[in-house]
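Examining the three-dimensional arrangement
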Amino acid sequence: MATNVSEKDKTLQEVIDWCNSRFDKACQDFSNASSGELAARHMVAIYAYRGVIDHCRSMLGYSGSMPSEVPNQSEDAKE
């Protein structure tokens, strides 16, 4: 399991790359489909791979801003 952002991003990028290759294959298979039912199956795969790719891309990097300073949270800190 990824332990930091760069490892997480590397793992996500590997998933994106794999899905892209499967997406390309599904598009090619869709173009070569000999029946409507077969074409529909490939279209489902195309949408599924695209959804995973988009989701992984949305998870790359930090999802929010990191504070530059953390306030003192000790018990005797006065506000």
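This text gives an overview of the structure that appears in the document. From a predicted model like this one, the values you see are computed outputs, not experimental measurements.

Examining the overall build of the chain
Of the regular secondary structure elements, the chain holds two helices and zero strands. A total of 79 residues make up the chain; the buried ones form 16% of that total. The contacts in the chain between residues at least 6 apart in sequence include a share of 65% that link residues at least 24 apart. By element, 54% of the accessible surface of the chain is carried by carbon and sulfur atoms, the whole surface being about 6500 Å².

Notes on the pattern of salt bridges
Tallied over the full model, the rule gives three salt bridges. The partner of Arg50 in a salt bridge is Asp54, with the nearest N and O atoms 4.0 Å apart. Linking Arg50 with Asp54, this pair stays in helix α2 (residues 36-59), spanning four residues, or about one helical turn. Owing to a relative accessible area of 40%, Asp54 belongs among the partly exposed residues under this scheme.

So, the nonpolar core
Judged by nonpolar contacts, Leu12, Ile16, Cys19, Phe23, Ala26, Ile46, Tyr49, Ile53 and Cys56 together constitute the single largest core of nine residues. Sort the elements by how many residues they give to this core and helix α1 (residues 5-31) lands first, with five residues. The contact partners of Tyr49, leaving out residues within four places of it in the chain, are Trp18, Cys19, Arg22 and Phe23.

Quick notes on the packing of aromatic side chains
Counting across every chain of the model gives one aromatic pair. Taking 6.0 Å as the distance between ring centres and 75 degrees as the angle between the ring planes, the aromatic pair formed by Trp18 and Tyr49 counts as edge-to-face. Note that Trp18 is positioned in helix α1 and Tyr49 in helix α2, a separation of 31 residues in sequence.

Some points on α2
Under the 1.5 Å per step criterion, the end-to-end length of α2 is 35 Å for 24 residues, consistent within 8% with the ideal 34 Å. Restricting attention to buried positions, one finds in α2 the residues Ala39, His42, Ile46, Tyr49, Ile53 and Cys56. The elements touched by buried residues of α2 are α1. Gly61 sits one or two residues past α2 and shows a positive phi near 75 degrees.

A short note on the environment of Ile16
Tracing the sequence through the fold places Ile16 in helix α1. When its relative accessible area of 2% is taken as the criterion, Ile16 is described as buried. Residues Ile16 and Ile53 lie 37 residues apart in sequence; the distance between their C-alpha atoms is 5.3 Å. Not counting chain neighbours up to four residues away, the residues in contact with Ile16 comprise Ile53, Cys56, Arg57 and Leu60.

Quick notes on the rules
Residues numbered from 1 in each chain as written. Predicted model: local features only at pLDDT ≥ 70, side-chain atom pairs only at ≥ 80, totals over all residues. Heavy atoms only, no water. Helix = DSSP H or I, 4+ residues; strand = E, 2+ residues; numbered from the N terminus. Buried < 20%, exposed > 50% of the residue type's maximum accessible area, 1.4 Å probe, protein only. Contact = heavy atoms within 4.5 Å. Areas by Shrake-Rupley, 256 points an atom, 1.4 Å probe, with all protein chains shown as cover. Salt bridge = Lys/Arg side-chain N within 4 Å of Asp/Glu carboxyl O. Core = buried A, V, L, I, M, F, W, Y, C linked by side-chain atoms within 4.5 Å. Phe/Tyr/Trp six-rings, centres within 6.5 Å; stacked < 30°, edge-to-face > 60°. Expected span 1.5 Å × (residues − 1).

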